[in-house]
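Single-letter residue listing:
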Amino acid sequence: MEQEWASELKTGWVQRVASEEASLRALESLMTEFFHNCTTNERKREIEELLNNFAQQIGAWRFCLYFLSSTRNDYVMMYSLTVFENLINKMWLGVPSQDKMEIRSCLPKLLLAHHKTLPYFIRNKLCKVIVDIGRQDWPMFYHDFFTNILQLIQSPVTTPLGLIMLKTTSEELACPREDLSVARKEELRKLLLDQVQTVLGLLTGILESIWDKHSATAATPPPSPTSGESGDLLSSLLQSPSAAKLLNQPIPILDTDSEYVCSLALECLAHLFSWIPLSTSITPSLLTTIFHFARFGCDIRARKMPSVNGSSQTTVLGPERGRLGVLAMACINELMSKNCVPMEFEEYLLRMFQQTFYLLQKITKENNAHTVKSRLEELDESYIEKFTDFLRLFVSVHLRRIESYSQFPVVEFLALLFKYTFHQPTHEGYFSCLDIWTLFLDYLTSKIKSRLADKEAVLNRYEDALVLLLTEVLNRIQFRYNQAQLEELDDETLDDDQQTEWQRYLRQSLEVVAKVMELLPTHAFSTLFPVLQDNLEVYLGLQQFVVTSGTGHRLNITAENDCRRLHCSLRDLSSLLQAVGRLAEYFTGDVFAARFNNALTVVERLVKVTLYGSQIKLYNIETAVPSVLKPDLIDVHAQSLAALQAYTHWLAQFYSEVHRQNPEQFVSLVSTALEAITPLISNKVQEKLLLSACHLLISLATTVRPVFLINIPAVQKVFTRITDTSAQRLPDKPNQCVILISGPCQAQVLVCRALSNVLLLPWPNLPEGEQQWAVRSTNHASLVSALTREYRQLKATTILPQRKVQLEDTKVIIHQTLSVLEDIVESISGESTKSRQICYQSLQESVQVSLALFPAFIHQSDVTDEMLSFFLTLFQGLRVQMGVPFTEQIIQTFLNMFTREQLAESILHEGSTGCRVVEKFLKILQVVVQEPGQVFKPFLPSVISLCMEQVYPIIAERSSPDVKAELFELLFRVLHHNWRYFFKSSVLASVQRGVAEEQMENEAQFSAIMQAFGQSFLQPDIHLFKQNLFYLETLNTKQKLYHKKIFRTTMLFQFVNVLLQVLVHKSHDLLQEEIGIATYNMASVDFDGFYSAFLPEFLASCDGVDSNQKNVLGRNFKMDRSLSVLSVRVTLLYQVLFDLFQDLPSFTQNVHRLVNDLRYYRLCNDSLPPGTVKL
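Definitions and cut-offs
- For every chain, the first residue of the written sequence is number 1, and numbering continues from 1 along that sequence.
- Per-residue local features are limited, in this predicted model, to residues with pLDDT of at least 70; the limit for side-chain atom pairs, both in listing and counting, is 80 or more; totals at the level of whole chains, interfaces and linings are taken over all residues.
- Processing note: side-chain calculations cover all non-hydrogen atoms of the structure and skip hydrogens and water entirely.
- Geometry is summarised by axes, namely lines fitted to C-alpha atoms with helices restricted to the contacting stretch, and by angles between N-to-C directions that run from 0 to 180 degrees.
- In DSSP terms, a helix is any run of H or I states spanning at least four residues, a strand is any run of E spanning at least two, and both are numbered starting from the N terminus.
- Every angle not falling under 35 degrees, over 145, or within 65 to 115 is termed oblique; those three ranges are roughly parallel, roughly antiparallel and roughly perpendicular.
- Any pair of residues with heavy atoms lying within 4.5 Å of one another is described as a contacting pair.
- Residues were grouped as follows: Ala, Val, Leu, Ile, Met, Phe, Trp, Tyr, Cys and Pro as nonpolar; Asp, Glu, Lys and Arg as charged; and all remaining residues, including Gly, as polar.
- A pair of Phe, Tyr and Trp rings is counted when the ring centres sit within 6.5 Å of each other, with Trp represented by its six-membered ring. The angle between the planes then sorts it: under 30 degrees is stacked, over 60 is edge-to-face, the rest tilted.
- In this scheme, a residue with accessible area under 20% of its type's maximum is buried, one over 50% is exposed, and one in between is partly exposed, where area comes from a 1.4 Å probe on protein chains only.
- Within this document, salt bridges are pairs made up of a side-chain nitrogen of Lys or Arg and a carboxyl oxygen of Asp or Glu, the two lying within 4 Å of each other.
- Here, nonpolar core refers to any group of buried Ala, Val, Leu, Ile, Met, Phe, Trp, Tyr and Cys residues whose side-chain atoms link them within 4.5 Å.
- What makes a crossing left-handed is the near helix being turned counterclockwise from the far one by less than a right angle; a clockwise turn instead makes it right-handed.

**Quick notes on the packing of helix 41 (residues 900-909) against helix 42 (residues 911-930)**
Moving on, step 1. Between helix 41 and helix 42, the shortest axis-to-axis distance is 6 Å and the interhelical angle comes to 135 degrees. Our classification of the angle between helix 41 and helix 42 gives oblique. Within the contact between the two elements, helix 41 uses L903, S906, I907 and H909 and helix 42 uses G911, G914, C915 and V918.
Moving on, step 2. For the contact of helix 41 with helix 42, the per-class residue count stands at 4 nonpolar, 4 polar and no charged.

Quick look at the structure:
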């Protein structure tokens, strides 16, 4: 049978020898074989090719029509529908009109006859195929398409089918794919909009009739003691006893068919609401009906459901009933998401909010049977998600317009939101609600800043709610109140934002605390500090339980319950310390004096806690549960240091206020803090604690900068330790830094930065003459000399003969030294000239050593990478201090070393490290070419030559994005900062003629650079495309690139052509908007040339479209300027109209229309059978 079917395909359908029945049996056999587990991939490919050949045959649809009506094989039916789908969407233009009529007639009849027996996915596919025909032919050739759908909906027997057709029509016609012309898309949307009122009326009628029918038969339950839901809050929300009574009606019991019809109607509404504008077509009765159905989602009571045999049984509401609530909320959210609300719709909007908040009250109401949380746990999770989405939309989009309505009680709403938030059954639900509160607090903050006159009145209105929110959020982050939930949070697995679930929970909670602090600082502080104080007392009291044992000190708390309580208290203290640190910014600036005492209290406690932890060394103490309590103690100590670090800006302001009067208190705070830090700067201290101490030291040295810092014994001790040759490094072994990049080696870098900043940064509040630069310069030179002793002893001549082990040791020295030096330079790159001068004087010998070593390591890409990083930092921060001769020497050395062979080796053979080396070299050149003045201009020819003759040929054809972004940024910098190297305007000519005379120089180099930019737009890398398009647009904005004669006459329309081709091929669709704007900016330089020359040439070069279609594309893009004009008045009017069409939005719209219609015409033409005559 299969051979007959295959043979039939070969000889064509005209000479077919097998009957339709035989073909069907063969097809069923093939489809069953294709989906059988034992069928090989090779055999599947054979069958697939056979089926594809069949689908391409003219007249294949007739067989498929027979297959659909005669088979019950799902595979065959789905395949047959796919053949129809392909025919309609890709070949419809070439189908004879008689065949089209037959298909339009037969498929709906088939659907009507079999829709109840077909599997749902086959039925839906058949509906989609019929809608596809409507998409092509309605209303001209398929005038009763939509009328048929309305008739199906109105007939009770076919209502479900009609609703499926309606939803599919909304999906496929309102926002069609690109396989239609723009004119057809616009026509379809207009046709649908004309039907909206009728459709919404029908859907309203269906939902209302089902509700009323079942409400009339529903037995009214007896009143319960807790059923008084129309209390004060409900009355204030609805402002209408009748509305409250209506919403308090019992929810009807729907039979299965009615539930199904309602769910289809609500799905239709949700999709319609996604694209129709808000208007009076959306009637109050429709909104009320939708809210009736939204109640299904929040009803969890058991119901008496009639059974088949006439008796009754008690069941919990089924999933379909809960789904009605979800679908109704989806409808509401579609309306809520529209920001543009017509004035006449605002009253409807208010009614929606009132009714939704009735539902919120219903959800959050406690009674004897359910707590709020248990009620939420029993509701459908999707319903809760939809309800939360509604609340987010309300606060973010509509609160500002609704708050002004006196009949809407915002404070009562916040009370409901509070209950809803803090009874969420899942962590994700709680996170989402915190986001809503964050939106509300942002709104309130911005409102207060814009209305300073009645700030107090606004705050007083919300004060109670905010204090309640703050207290509850603080409780939620404490194990003392919320242990069960907090222990469920994962504190190990990192998410995409590199934070654990616990860290995310704490961060979001603290953001809410901080925003409340901004609004109510006094209340927030008085709420938080006592809680912190309670936990601090426990921590500070641990000293009495420390006893000496044989191996050291031990914490004498062993009872399981005591250990658990201590664990919870320490976790809470850690969280509260983070909270206190997060609030530091609200004690500085204009409010410093007003909140001074509170901040001083906090800082004194933090200093005391950090010193206490360091003195009794709780981080090294033995505990009964070391896996739990030891990490807790370390974390508390680290968080206390981090919290104190957050207050260094406050300390800096304190220093500036008191430096000339009574500084003893300030000196005491800083000195004590340093006493707490120095014992921790040791390789025997855990990494987390060590790094916290280092960061606090840096902040004191960089942000506070007290003049006495270098004289404090604790700092001198660290200074001695770092400069002492015998104990220079924090790690125990020299190569430990290489292994633990983020560990002790990072600490080494941080400590060196802190000590360098102590000596380099100017002291605040002191004149230049009192800065003691001479002494500090000497000390800094000593510091750097000690840090670089081994490095400066390296000689280029002795490195190459080294054995592997020696070479690795040398690399370790280079890595450690350059890491420290690079960090020191980077930290002062934005500081005063004097600081940078001293820094370079100290580093000068090391820099010269680095340059001497560079050639020896040119083939060691890992070392070259580090050296170039160091030189890049030098160029960015100290190029002025290095001086011109030495800078020239460095650049020339690099240019000599990076030959084409070396560049090719680095890029092609050394992988990502080699590419990084080249990228950093190009970054150094970027810094050089940006330098103003004439000093480095002699290097421009060499830099451009390197780019265009050495680097570009290597990377041009590579698909990898490596190096390309840096190369094009360098070329952009060359053009942007050295424009006069290419274009020299004559000032005299400008004065005489009013137009600058362009004198083009180095034209060949300019053209080569532009050609490279053009080539980059033909490559698939979207990031490079976006970057380079931005560069061209910037050059046009700043330098009028597109207006320059060379660009305008030889390149302009080449670039436009490339950009349009990119749009046509859809290779960079994410950048449609940017490409459209760039195309406009280029075309606007010469609109006459664009319309008269470029556009006709572009269309003439387009294959796959005929001349008539090209004419249509051209006409649709422009207003034809060649029309004969009868009078000057008409000419002027026409010119005004033409100019109106040259604005950016109109032009880009025309560009996208051209691209869409060109693709559509090609699709149509590809679908025509061979030999078709096109008129």
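Having put the structure on the table, let's press on.
**A closer look at the packing of aromatic side chains**
Moving on, step 1. What the rule picks out here adds up to 76 aromatic pairs.
Moving on, step 2. Measuring from centroid to centroid gives 5.7 Å for F654 and F666, while their planes differ by 90 degrees, and the two rings are edge-to-face. Pair noted here: F654 is in helix 28 (residues 648-658) and F666 is in helix 29 (residues 664-677), with a separation of 12 residues, a long-range link. Just as F654 is buried, F666 falls in that class too.
Moving on, step 3. Measuring from ring centre to ring centre gives 6.2 Å for F854 and F898, while their planes differ by 55 degrees; the resulting arrangement is tilted. Residue F854 is located in the loop between helix 38 (833-853) and helix 39 (861-882), and its partner F898 is located in the loop between helix 40 (884-897) and helix 41; the two are separated by 44 residues in the primary sequence.

**Examining the pattern of salt bridges**
Moving on, step 1. A complete count under the given rule lists 43 salt bridges for this structure.
Moving on, step 2. Its salt-bridge partner being K167, residue E171 comes within 3.5 Å of it at the nearest N-O pair. With E171 and K167 both in helix 9 (residues 159-173), this residue pair falls 4 residues apart, about one helical turn.
Moving on, step 3. With relative accessibility at 31%, the residue E171 sits in the partly exposed group.
Moving on, step 4. Via salt bridges that share partners, E85, K125, K128, D132 and R135 belong to a single interconnected network.

**Brief notes about the side chain of S181**
Moving on, step 1. Mapping S181 onto the fold places it in the loop between helix 9 and helix 10 (182-217).
Moving on, step 2. If we skip the residues at most four places from it in the chain, S181 touches N1156, D1157 and Y1160.

**Some thoughts on the nonpolar core**
Moving on, step 1. One finds L107, F440 and W650 to be the most contacted residues of the largest nonpolar core, which totals 397 residues.
Moving on, step 2. At 12 residues, the largest contribution of residues to this core is made by helix 10.

**Considerations on unusual backbone geometry**
Moving on, step 1. For the peptide bond that leads from W138 to P139, omega is 0 degrees, which places it in the cis range.
Moving on, step 2. Unlike most non-glycine residues, V963 shows phi in positive territory, near 75 degrees.
Moving on, step 3. Along the chain, V963 turns up in the loop between helix 43 (940-955) and helix 44 (964-977).
Moving on, step 4. For V963, a relative accessible area of 0% puts it in the buried group.

**Some remarks on the packing of helix 49 (residues 1052-1065) against helix 51 (residues 1087-1101)**
Moving on, step 1. With their axes 11 Å apart at the nearest point, helix 49 and helix 51 run at an angle of 50 degrees to one another. In terms of orientation, helix 49 and helix 51 fall into the oblique class. Remark: the crossing between helix 49 and helix 51 carries right-handed chirality. Contact residues: F1053, V1056, N1057, L1060 and Q1061 in helix 49; G1089, F1090, F1094 and F1098 in helix 51.
Moving on, step 2. Of the residues belonging to the contact of helix 49 with helix 51, the class tally is 6 nonpolar, 3 polar and no charged.

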